[in-house]
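Take a look at the letters that make up each chain.
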Amino acid sequence: MIYLDNAATSFPKPPKVYSEVLRCMENYAANPGRSSHDMAIEASSKIMDTRQELSEFFNIPDLLNIVFTCNATQSLNIGIKGILKPGDHVISTVIEHNSVLRPLNYLSKKGITFTLLGVDKNGYLNINNLKKEIRGNTKAIIINHTSNVLGTIQDIRLIGQIAKDSGIVFMVDASQSAGVISIDVERDNIDLLAFPGHKGLYGPQGTGGLYIREGVELDSFIQGGTGSESFSMNQPDFLPDRFESGTLNTPGIAGLYEGIRFIRKVGIENIRKHEIMLVEYLVEELSKLSYINIYGGCDYKNRGAVVSLNIDNVDVSEVGELLNKHKIAVRTGFHCAPLIHNIIGTSKRGTVRISPGYFNNLEDIEELIKALIYIHEKRPFL
């Protein structure tokens, strides 16, 4: 199978990710922070080591301000529902994923208001429009760093400075950028950073995290056992325990540790360079075919490794089905980001999304292009 669905979950993972998950399961998959025996101590150490790796990776001053979650969706829900109160106003965009849009819609029925800024056909936000929407009760700005539909990369450093100057909480959804594009919470003035472990960080599914800047107060999202202050019926109010009730996914976090170390060894710049080389080649070759419509811009410095397209007169679901028969994995549909399709003109059909990763090569892209040509010409695959 040629796997080109890395925007959903990266595959394959670096070999050490698999081996460390298995080693954990076989040797130290005990409850971290709950017991004093050797297995529990090793589990706790691995959890702490992974926090350390993440803190260095994102330039987070205090590793205890990193909360482990199941995925970026959970991280976004913790941040959004924890920071907003009735009467608050929040600014976001129409290019956001449903993991932002749905919590905002839910909270709008409980007294918060939100503004969704428009973007151009390539997915870019107008900074002046953002500034105009800031109100006296604006509590937060929530931005998708890289679009999972168009690959658009927003200028989070500039937006972060605007938020800081205005005394507004700045939350970044790094679902498509963590592990591929440099993120520095200090440089970019990020107050809340939500990231998945299973995409660009090469961890297993069921892993993710939320960085909470010191001084940003969030309501407790879940209550339960933490291994700390067990004599009290009150949830601990310190990080990360405030948001880490229940048994952590130690095997998954152990795999995430190795994923981050792999990125640091290869170099995030080299990973991004390779992925953009594949995207640039794909777009260049597909642009020669008049029956293929490509969405998004060609500014590769500000574009992630995501290409959305359509083939004239062929339904996206049929394209996906035929590519699967040709052993090529892509995603079709609306990609859980419904509003952007109104802007790019695909609200009735969605798109075929191609998302190459570091472990793909030019041969994979050439096979994809050949398959797309066959589909248009209704020729059988060779």
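Refer to the structure presented above.
Residues numbered from 1 in each chain as written. Predicted model: local features only at pLDDT ≥ 70, side-chain atom pairs only at ≥ 80, totals over all residues. Heavy atoms only, no water.

(A) Spotlight on the pattern of salt bridges. Considering all chains together, one arrives at 17 salt bridges under this definition. A salt bridge links Asp191 to Arg213, with the shortest nitrogen-to-oxygen separation between them at 3.1 Å. With Asp191 in the loop between strand S6 (169–173) and strand S7 (192–196) and Arg213 in the loop between strand S8 (208–212) and helix H7 (250–266), the pair connects residues that are 22 residues apart, well separated along the chain. The exposure class assigned to Asp191 is buried, which follows from its relative accessible area of 12%. Residues Lys288 and Glu285 are paired through a salt bridge, measuring 3.1 Å at the closest nitrogen-oxygen approach. One connected set of salt bridges, linked through shared partners, spans Glu20, Arg23, Glu42 and Lys46. (Salt bridge = Lys/Arg side-chain N within 4 Å of Asp/Glu carboxyl O. Helix = DSSP H or I, 4+ residues; strand = E, 2+ residues; numbered from the N terminus. Buried < 20%, exposed > 50% of the residue type's maximum accessible area, 1.4 Å probe, protein only.)

(B) Representation of the environment of Cys24 in the model. By secondary structure assignment, the location of Cys24 is in helix H1 (residues 15–27). Spatially, the C-alpha atoms of Cys24 and Glu42 are 9.3 Å apart, while their sequence positions differ by 18 residues. Residues contacting Cys24, with those up to four places away along its chain left out, are Ala29, Thr250, Pro251 and Ala254. (Contact = heavy atoms within 4.5 Å.)

(C) Structural view of the sheet that holds strand S12 (residues 331–333). Taken in spatial order, the four strands of this open sheet run S9-S10-S13-S12, and their pairing is antiparallel. The open sheet has two free edges, formed respectively by strand S9 (292–295) and S12, since each of these has just one partner strand. Here the average twist between neighbouring strands, direction ignored, is 30°. Here strand S10 (residues 307–311) runs beside strand S13 (residues 351–354); their pairing, made up of three bridges, is antiparallel. Pairing of Leu309 across the sheet is with Val352, part of S13. Against the sheet, helix H9 (residues 316–325) makes contact with S10, S12 and S13, and its axis sits at roughly 165° relative to S12, the strand it touches most. Packed on one face of the sheet, helix H11 (residues 362–377) meets S9, S10 and S13 and runs near 25° to S10. (Pairing = 2+ DSSP bridges. Axes fitted to C-alpha atoms, helices over the stretch in contact; angles between N-to-C directions.)

Note that every value here comes from positions in space, so none of it alone points to a role or purpose.
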